[in-house]
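# A look at the structure
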Amino acid sequence: MKQFISFIIKESKHIVRDKRTMLILFGMPIVLMLIFGFAITTDVRNVRTVVVTSSLDHLTQRAVERLAASEYFTITASVATPQDAERLIRGQKADLAIVFSPDFASKRQGMQFIVDGADPNMAQQWTNYATAVIANADASLVNSKMLYNPQMRSAYNFVPAIMGMLLMLVCAMMTSISIVREKEKGTMEVLLVSPVKPLMIIVAKAIPYLVLAFAILTTILLMGRYVLGVPLQGSIVWIYVVSTIYILLALSLGLLISNIATSQLMALLLSAMVLLVPIVMLSGMLFPVESMPPVLQWISAIVPPRYYIQAMRKLMIMGVGIGEVLREVVILTAMTVLLLAVSLLKFKTRLE
Amino acid sequence: MTLKYLIQKEFLQIRRNAFLPRLIVIFPIMMMCVMPWVMNMEVKNIVVEVVDNDHSTLSQRLVQSIEASNYFIFNGLQPTYQAALKDIETSKADMVLVIPQDYSRDLTNGAHPQVLIAANAVNGTKGAMGNAYLSQIVTATVNPDVADIQSRVSTLFLYNKRLNYKVFMIPALLAIVMMLMCGFLPTLNIVGEKEAGTIEQINVTPVPKWAFILAKLIPYWLIALFVIVVCLILSWLIYGITCQGPLWLVFVLAMPLALFWSSFGLIISNYSDTMQQAIFVMWFFVVMMLLLSGLFTPTRSMPDWAYATTYINPMHYFIDGIRTVFVRGGGMQSILHQVLALCGISGVMACWAVMSYRKNS
Amino acid sequence: MNAIEVNHVSKSYGKVKALDDVSFTVGKGEVFGLIGPDGAGKTSMYRILCTLLKPGQGNATVDGFDVVRQMTDIRRRVGYMPGKFSLYQDLTVQENLEFFATLFGTTVEAGYDTIKAIYSQIERFRDRKTGALSGGMKQKLALCCALVHQPSVLFLDEPTTGVDPVSRKEFWDMLITLKESGITIMASTPYLDEVRRCERVAFLDQGKIRGIGTPDEILTRFADIFNPPGIDHDQGSEVKDENVIEVEHLVKAFGSFHAVDDISFAVKRGEIFGFLGANGAGKTTAMHMLTGLNQPTSGTGRVAGYDIRTEHEQIKKHIGYMSQRFSLYEDLTVAENIRLFGGIYGMNDADIARKTDEVLERLRFADHKNDLVGSLPLGWKQKLAFSVSIFHEPSIVFLDEPTGGVDPATRRQFWELIYDAAGRGITVFVTTHYMDEAEYCDRISIMVDGKISAIGTPSQLKERFHQPDMEHVFIYLARQATRSSD
């Protein structure tokens, strides 16, 4: 037991002494939360609009006034021909041009939006908003209710994703590197030959990272709640329980990588290529899984963070009970058991 | 003259590495084959359920028009709002449309009854866009006047007529591939020499600082060049997407960016003691610059303080510029500003890379 | 019962046969030496006995337990110090020692008496990070970590590489004390004086046991390998009366600690100058200042006529340097390394190609021109590194412990190369822990506690301190150290 504790202390010292890495580990979630919470939005805002009209009849004028008054659009210019408008858009001076036909008021002809379609989502949103503003659609016809996220803040979507990414990074990447480093430096030989059981070495190595992971998790939750105002709808206990399963899963992945990798460089690249890229790309963190082609959806089915992020979105933001995320929890648990078993079986107690 | 030998050495080392040559070839190919499919933020397959408390012809027409829309997946009627909400909670549905009792009658009587649209807005974009389209359908079905206006509006999407997300993302992918290749590999380079001890041998030779650093930058420049050519060819072969503007401008933009990333990598490498440290610091900056570059979200929607950071973010200039050239077909005139900014920033970084390498402490 | 029994053990890595039908026994409480050149298979043998590797064929027992089947029993009762025993660089000296003590189920207090002789030398640095210690100091700490517990069998794979003669002597005294308490010790070493302290030695070469017997038997039988004839060197024939290195009152301080404390000396053109000192006496720091890697805190110095403070890039054009750590590119071939460094010093392709053939011819390396440097044995690497460092015909070459861990025969070849270079007028500035090598130098200085405590020709020094050989001179002076080092 004394050996075990001194092992943990030693491992913690390695972590704490590397100031720069510590700074990044705790700076990362904070900065990410701030960026996702405040800097990045897909809100329609400051859309640079050009009006193309030859005669300003009263209806056209009213439409333009309405556009200008709305918080979404800024009228930057008024030109005579659609060609001029197009030139402005191509030169990145405008995003949207609205062409009114000369006799717009007479109801015989309509208008045309010329939109910079480079970003399809934004292009569609701009036209939707512009149509709504110009039509002055009777808002009273529809009562819209945005469930769970009334202000449609992207932070709600991303807080669980940040958790999924950082916990994986800390547990899998750092554990694997710390084990491989001992192999590379030759200390592993001494540890293996010592009377300490190999399993104990592994467990002792994992514990500081486990603690670190919980610290980061707590930081994110606190930041989310008090700085970003993301509500914690679900039960805190279950959030921690599911996170624990996920952390264990990440730790066993790290152990597995350390069994395969022979050098720190390889462990780094393996974790970056095998873990980080799929997590960011295929877990539904940034890009919705349902928009992917079926083949990629199947692949994403074996990416563990996908289930964790899904479960956290439901638990934290939607506030559903544990019953609704049972499927995700079962899958995560099964993956954990499998990975842990494989990595412990594959753990080498000799050098070969 | 010494430069020649140093560059030769860097290439030999890259070639001898068991992993790097494969990485340099396979990585961009993988990225180009898979990522355009993944990096798709298109909102589709929104599942809608309807709670019809009215049971009138109007409400049935409403249901029919939802069913007919190819934007939504209609998941049937639910007896109560609670039942529908349950489906949202279990992720079986994304939106619910509730038509109140006597909706049709109130409407003819001149009252202002409202339908309720409840959308799962955890993903804000999805919620907002679904809501907008569903509102449009409701309005068009119920209010013929508005339908009239809508019918008179036509929309012309420039540059990307079919609103293909890949057109938007492929130029951005160039930026990501270059960032990963030219950013991470040099980051590991000098720390690697520090850990191997070879840097000490170099430090006692009369090799000029700039030559040593330049010899490390040039190979990554060439790698970037190679990677871009591969990506452009694949984009044409697989997706049929080609550069709309003059092709040479792509390289005019890419070269300073490659210089920026490799210099940045070397700077971090110079200041780091271990590979792990170097990678973590690099990763931090990569994520930061990527998110604030406008690659995923429009920079103009950012609050002012965040927008201010884009002035020093080379990724922002590159992405702005490459989209103008690649998608909008802009010429040198329209990206002059971006090219100048990129050259300026990368020039400063290259100088810093030379200065931060110390042969004598 | 024997403590170690090895029966017909073989081990191959792919096509390379590391061990080929090796058999020997070691009695309880015996000090057994396993000696042989680099790459002979010693490390594989240790790893098999420590259960880190499985033998390919044959079997072995340690303390009566089989190395394959009874892994846990063996691990509970052996101690092992690998050749590259690595400490945790970010932990302090004290923390490292405590960690390893706890790991082996004991405490520093309990083992203190055993390690006192060596640990007392580094104890004053107990709160310093291990990464900040000099190479020899780290090795001493590693010795302490390995000896802090008292296993029944102790395996030591070249434990004293890079350690100064005084500490090596103390270390072996400690081993003899351990033996008296019944511990079986199996050790390997490139130092002949250490080989002589074993009771029996086995000579391992290319995976085969060539002979087992008392040290004297083995050393006589294989005299051509272990005890090559000395080298004739007509002293001073090339030395000109012109100083190429002049140092006055040179100081390098790290905080309040003066690593180099006011040293002054001069080296003449064409001289072979031995720069000796205990681990951490400040040799490497002084050398770093002379080669322009570090700025001096105060004092002046000129190397090849240039000021070390302001003209270090000029100095670098006129010197060669070979560091403690092997520092050629292991992933380049022999020819590519030579070409790179030739190119760095501004030679052109034709000159490089011509000289490369010349150098390889002299080293008898021509067949290995296109081999990766990483695949060469240590002794070859060192000879190559030396040849590369004088490839551009510098006026001075600095060698920092160039022969650490190399067997006697190879060391002798190395010194032939040094004489060859000196014969061509290159001044050689060399540090070493081998006192027989010190005798080869024209003039030597001995550094103690950051100061030069003696300087002169080997015979002058022996006379002055009334000692029979350099080893005794060194021990006599180093024992006067007050600060133990760094």
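Note that the structure is predicted; figures quoted are calculated from it, not measured.

Turning to the overall build of chain C, a few remarks are in order. When you go through chain C residue by residue, the secondary structure sums to 18 helices and 20 strands. For chain C, the spread of C-alpha atoms along the principal axes amounts to about 65 × 50 × 40 Å. Residues classed as buried in chain C amount to 60% of the 486 residues present. When contacts within chain C are restricted to residue pairs at least 6 apart in sequence, those whose partners lie at least 24 apart make up 70%. Only carbon and sulfur atoms are counted for the fraction: they give 47% of the accessible area of chain C, which is about 17900 Å². The averaged location of the 66 negative side-chain charges in chain C is 3 Å from the averaged location of its 55 positive side-chain charges.

What follows concerns the packing of aromatic side chains. Counted under the stated rule, the structure contains 41 aromatic pairs over all chains. Plain terms: the ring middles of Phe-265 of chain C and Phe-275 of chain C are 5.7 Å apart, the flat faces sit at 40° to each other, and that makes the pair tilted. A residue pair is termed long-range when its members are at least 10 positions apart, and Phe-265 of chain C in strand E12 (residues 257–268) and Phe-275 of chain C in strand E13 (residues 272–277) qualify at ten residues. For the pair shown, Phe-265 of chain C and Phe-275 of chain C are each scored as buried. A connected cluster of aromatic rings, assembled from ring pairs, spans Phe-260, Trp-261, Phe-264, Phe-284 and Phe-285 of chain B. The ring of Phe-257 of chain C has Arg-128 of chain C sitting right over it, with the charged end atom 5.2 Å from the ring centre.

What follows concerns the domain arrangement of chain C. All names here are of chain C. Per the domain assignment, the segments of chain C are domain 1 (4–226) and domain 2 (243–478). Distance between the C-alpha centres of domain 1 and domain 2: 30 Å. In this assembly, domain 1 packs against domain 2 so that about 1600 Å² is buried in total across both faces, 62% of it on carbon and sulfur atoms. Considering each element in turn, the side of domain 1 that touches domain 2 owes the most residues, four residues, to helix H6 (residues 165–180). Looking at the side of domain 1 that touches domain 2 residue by residue, the class counts come to eleven nonpolar, four polar and eight charged.

What follows is about the domain arrangement of chain B. In many analyses, interface size is given as the accessible surface area lost on bringing the parts together. Domain parsing of chain B yields domain 1 (2–39 + 161–356) and domain 2 (46–152). The straight-line distance from the C-alpha centre of domain 1 of chain B to that of domain 2 of chain B is 47 Å.

On inspection of all chains with the given rule, the structure shows eight cavities of 30 Å³ or more. Its boundaries defined by the atoms lining it, the largest cavity holds a volume of some 570 Å³. Around the largest cavity sit 30 residues that line it, and Leu-276 and Val-277 of chain A together with Leu-180, Trp-283 and Val-286 of chain B are the ones nearest its centre. Here the second largest cavity is characterised by a volume of approximately 370 Å³. Gln-92 of chain A together with Pro-298, Thr-299, Asp-320 and Arg-328 of chain B are the residues nearest the centre of the second largest cavity, which is lined by 25 residues in total.

This part takes up the nonpolar core. Counting 270 residues, the largest nonpolar core has Met-169, Trp-261, Phe-296 and Phe-318 of chain B together with Leu-384 and Phe-386 of chain C as the members making the most contacts within it. At 20 residues, helix H8 (residues 165–196) of chain B tops the list of elements feeding residues into this core. Once residues within four sequence positions are removed from consideration, Phe-318 of chain B is found in contact with Pro-171, Ala-175, Met-178, Leu-253, Ala-254, Leu-257 and Leu-342 of chain B. Judged by nonpolar contacts, the second largest core, of 94 residues, contains Met-188 of chain A together with Ala-3, Tyr-46 and Phe-100 of chain C.

When the charged atoms of two side chains lie near each other, side chains of opposite charge can form a pair. Counted under the stated rule, the structure contains 52 salt bridges over all chains. Between Lys-13 of chain A and Glu-95 of chain C there is a salt bridge, with the nearest N and O atoms lying 3.2 Å from each other. With one member in each of two chains, Lys-13 of chain A in helix H1 (residues 2–17) and Glu-95 of chain C in helix H3 (residues 93–103) form a pair that bridges those chains. Judged by relative accessible area, which is 26%, Lys-13 of chain A ranks as partly exposed. Here Lys-316 of chain C ties to Glu-313 of chain C by a salt bridge, and the two come within 3.0 Å at their closest N and O atoms. Taken together, the positions of Lys-316 of chain C and Glu-313 of chain C, both in helix H11 (residues 312–318) and three residues apart, correspond to about one turn of that helix. Lys-316 of chain C sits in the buried class, given a relative accessible area of 0%. Here the residues in one salt-bridge network are Lys-355, Arg-362, Glu-393, Asp-420 and Arg-424 of chain C, joined through shared partners.

Basis of the calculations
- Residues numbered from 1 in each chain as written.
- Chains lettered and ligands numbered in written order.
- Predicted model: local features only at pLDDT ≥ 70, side-chain atom pairs only at ≥ 80, totals over all residues.
- Heavy atoms only, no water.
- Helix = DSSP H or I, 4+ residues; strand = E, 2+ residues; numbered from the N terminus.
- Buried < 20%, exposed > 50% of the residue type's maximum accessible area, 1.4 Å probe, protein only.
- Contact = heavy atoms within 4.5 Å.
- Areas by Shrake-Rupley, 256 points an atom, 1.4 Å probe, with all protein chains shown as cover.
- Lys, Arg positive; Asp, Glu negative; His and termini not counted.
- Charge placed at Lys NZ, Arg CZ, Asp CG, Glu CD.
- Phe/Tyr/Trp six-rings, centres within 6.5 Å; stacked < 30°, edge-to-face > 60°.
- Lys NZ or Arg CZ within 6 Å of the ring centre and 35° of its normal.
- Domains from an automatic or database assignment.
- Buried area = accessible area lost by both parts, 1.4 Å probe.
- Nonpolar A, V, L, I, M, F, W, Y, C, P; charged D, E, K, R; others polar.
- 1 Å grid on protein atoms, 1.4 Å probe; cavity = no way out; pocket = protein on both sides within 12 Å on 5 of 7 lines; lining within 4 Å.
- Points joined across faces, edges and corners; volume = space filled by probe spheres on them.
- Core = buried A, V, L, I, M, F, W, Y, C linked by side-chain atoms within 4.5 Å.
- Salt bridge = Lys/Arg side-chain N within 4 Å of Asp/Glu carboxyl O.

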